[in-house]
Every structure is written in C-alpha cells, then in structure tokens.
Amino acid sequence: MQNNRVILCLSVLLVVFSACSNPSEQTPKEEEQPQTIEGFVAADENFVLTPKKRQEMKVLGRHYKAKPEELKTLIIGTAREVNDIILDKKCIINGPIMAVYQQLPKEGVIQDIFVGIPINKTISQSNYETMRIPKGKFHKAKTNASIGESSNLWEQVSKRVKADGFKLEPPYIEYPSDTRNAEMTTVVTQANLLLPYIK
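Quick notes on the rules
- Residues numbered from 1 in each chain as written.
- Predicted model: local features only at pLDDT ≥ 70, side-chain atom pairs only at ≥ 80, totals over all residues.
- Heavy atoms only, no water.
- Helix = DSSP H or I, 4+ residues; strand = E, 2+ residues; numbered from the N terminus.
- Expected span 1.5 Å × (residues − 1).
- Buried < 20%, exposed > 50% of the residue type's maximum accessible area, 1.4 Å probe, protein only.
- Arc of directions from axis to C-beta.
- Core = buried A, V, L, I, M, F, W, Y, C linked by side-chain atoms within 4.5 Å.
- Contact = heavy atoms within 4.5 Å.
- pLDDT = per-residue confidence, 0-100.
- Phe/Tyr/Trp six-rings, centres within 6.5 Å; stacked < 30°, edge-to-face > 60°.
- Polar contact = N/O pair within 3.5 Å; in protein donor to acceptor, adjacent residues only side chain to side chain.
- Pairing = 2+ DSSP bridges.
- Salt bridge = Lys/Arg side-chain N within 4 Å of Asp/Glu carboxyl O.

## Side note on helix α3 (residues 151–163)
So, point 1. End to end, α3 covers 19 Å across 13 residues, agreeing with the expected 18 Å (1.5 Å per residue, within 8%).
So, point 2. Residues of α3 that are buried: S151, L153, W154, V157, S158 and V161. Down the axis of α3, the buried set is contained in an arc of 145°. They therefore lie on one face. Facing away from the buried side of α3 by more than 90 degrees, the exposed set consists of K159 and A163.
So, point 3. Once α3 ends, the next one or two residues include G165, with phi positive near 90°.

## Points about the nonpolar core
So, point 1. Ranked by size, the top nonpolar core spans 36 residues in total, and within it L60, L71, I113, V115 and V157 carry the most contacts.
So, point 2. Of all the secondary-structure elements, those providing two or more residues to this core are β2 (47–54), β3 (57–66), α2 (71–88), β4 (98–101), β5 (111–119), α3 and β9 (187–196).
So, point 3. Apart from residues no more than four positions distant in its own chain, L60 is found in contact with V82, I85, I86, F114, V115, G116, I117, I119, I123, Y128, E129 and T130.

## A short note on the confidence of the model for the protein chain
So, point 1. Of the residues in the protein chain, 74% have a pLDDT of 70 or more, and the chain-wide mean is 80.
So, point 2. The low-confidence segment residues 1–37, where pLDDT is below 50, has 20 contacts with residues more than four positions distant or belonging to other chains.

## Notes on the packing of aromatic side chains
So, point 1. Considering all chains together, one arrives at three aromatic pairs under this definition.
So, point 2. Ring geometry for Y101 versus W154: centroids 5.9 Å apart, planes at 75°, classification edge-to-face. One end of the pair, Y101, is in strand β4; the other, W154, is in helix α3, and 53 residues separate them in sequence. With respect to burial, Y101 and W154 carry one shared label: buried.
So, point 3. Both rings, one in W154 and one in Y172, keep their centres 6.1 Å apart while their planes meet at 75°; by these two values the pair is edge-to-face. One end of the pair, W154, is in helix α3; the other, Y172, is in strand β8 (residues 172–180), and 18 residues separate them in sequence. As far as burial versus exposure is concerned, W154 and Y172 are alike and both buried.

## Some details on the environment of D164
So, point 1. With respect to the helices and strands, D164 occurs in the loop between α3 and β8.
So, point 2. Residue D164 is classed as partly exposed on the basis of its relative accessible area of 28%.
So, point 3. When the C-alpha positions of D164 and A42 are compared, they lie 9.9 Å apart, and in sequence the two are 122 residues distant.
So, point 4. Among the polar contacts made by the side chain of D164, one reaches the side chain of R160 at a distance of 2.8 Å.

## What about the environment of Y128?
So, point 1. Examined against the element boundaries, Y128 turns out to sit in the loop between β5 and β6 (129–133).
So, point 2. Separated by twelve residues in sequence, Y128 and G116 place their C-alpha atoms 8.9 Å apart.
So, point 3. Aside from chain neighbours lying at most four places away, what touches Y128 is L60, G61, R62, T78, E81, V82 and I85.
So, point 4. A distance of 2.6 Å separates polar atoms of two side chains, one belonging to Y128 and the other to E81.

## Quick look at the pairing of β2
So, point 1. Counted residue by residue, β2 has six buried out of eight residues, so it is predominantly covered.
So, point 2. From the end of strand β1 (residues 42–43) to the start of β2, which pair antiparallel, there are three residues.
So, point 3. Of the pairings in the sheet, the one linking β2 to strand β7 (residues 136–143) comprises eight bridges and is antiparallel in character. Opposite V48, over in β7, you have K142 as the bridge partner.

## Let's talk about the pattern of salt bridges
So, point 1. If you walk through the whole model with that rule in mind, you get four salt bridges.
So, point 2. Here R132 and E56 are joined by a salt bridge, their closest N and O atoms 2.3 Å apart. Of this pair, R132 sits in strand β6 while E56 sits in the loop between β2 and β3, and the two are 76 residues apart along the sequence.

As structure tokens, then:
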C-alpha cells in the first residue's frame, strides 16, 4: 500500500514537471517577447544586449522635468492616475509602464522625462497625452540595475552601440521587468533599456 502511494506521488510530480517545462504550452505575449532580428548580441558584466523588433506604441502619460534617479517616484505617482484613465476610457494596456527620454539620461541632470503606459488607442485628458513611438528595430539592454538606477549603464550601453557602428538617436526608453532571485524568494525589479537600431 505504501509503495502504491509512493508510485502515485512520483507519477503526479512527473506530470507536473513535464507540463511546466513544456515550452509549447507556454505562450508569452507578443509585446513582452518581441521578435529577435538579425544583428549582434553583446554581453557585459552589467547588461545583455540584443536586437529586437517593436510594434508601434501609443504611450499614455505625461512629461516631467526631473533627474533620472527620480524615475521610481515618477512611475509610482503616474501609474495610479493613468490606470484610472485607462479604466474610464476602456483602453487595453499593451505593455509595462515606461519612461521615454529625448536625451541619454545622466545622473543628477534635470531633463524631460515622459512617463506612461502603452495602450491600444490615442486619447488625451487633462494633464495626460498619448505619445506615439513608431514601430521599428531597437537595441534592448537587459540590465542588473533597478529602475531609475541605470544612468551609468545608459552610458555603457550607448558606448557599446556606437562602437559597433550604430548611431544614437532618441527616443531612449526605460521600463522595468520583474524576476525572481536565485532562491526564488524575492522579486527583483530590473531595468530594460531600448535604443533605436540605426546604422
């Protein structure tokens, strides 16, 4: 009887494991997993750089004059109001909240930072507007820095992009992604950086 229970438990574990590890059953959203395009892949101690294709983004948000290291506070302050507008206007969210820069972020330097959430249509309301970011190719740098703490990495990534023969032109985009630590006990928020892919 005890052997039957052990066999039954092992069978259940195998079924669960095979279901979890079967990639054909996992279908990530297109906006979260954009297509890889031809081009270089670079790895550094602080980031991994890959080329990606992105569809057009309509980002509902607002402009701030602030330092890049204040981004986390700007995101918290913007998210609630923008989410309320999205619910009121019955919009569909197409991606994570993000910051859009027209200049490469530099620590301690006040600049224009547009913070918003990608949605499915163009709307405007009070202090908020929709910024359109055309579809295109981007360099995506997945970093080991938290959101708003990536100023030095923007410099490192941009130098690498230039060294590989690419031009630097805005918009420069930063958005968070959540992962788990090695022990699977803590959620770690990391910053992703996007730079247009221009030869």
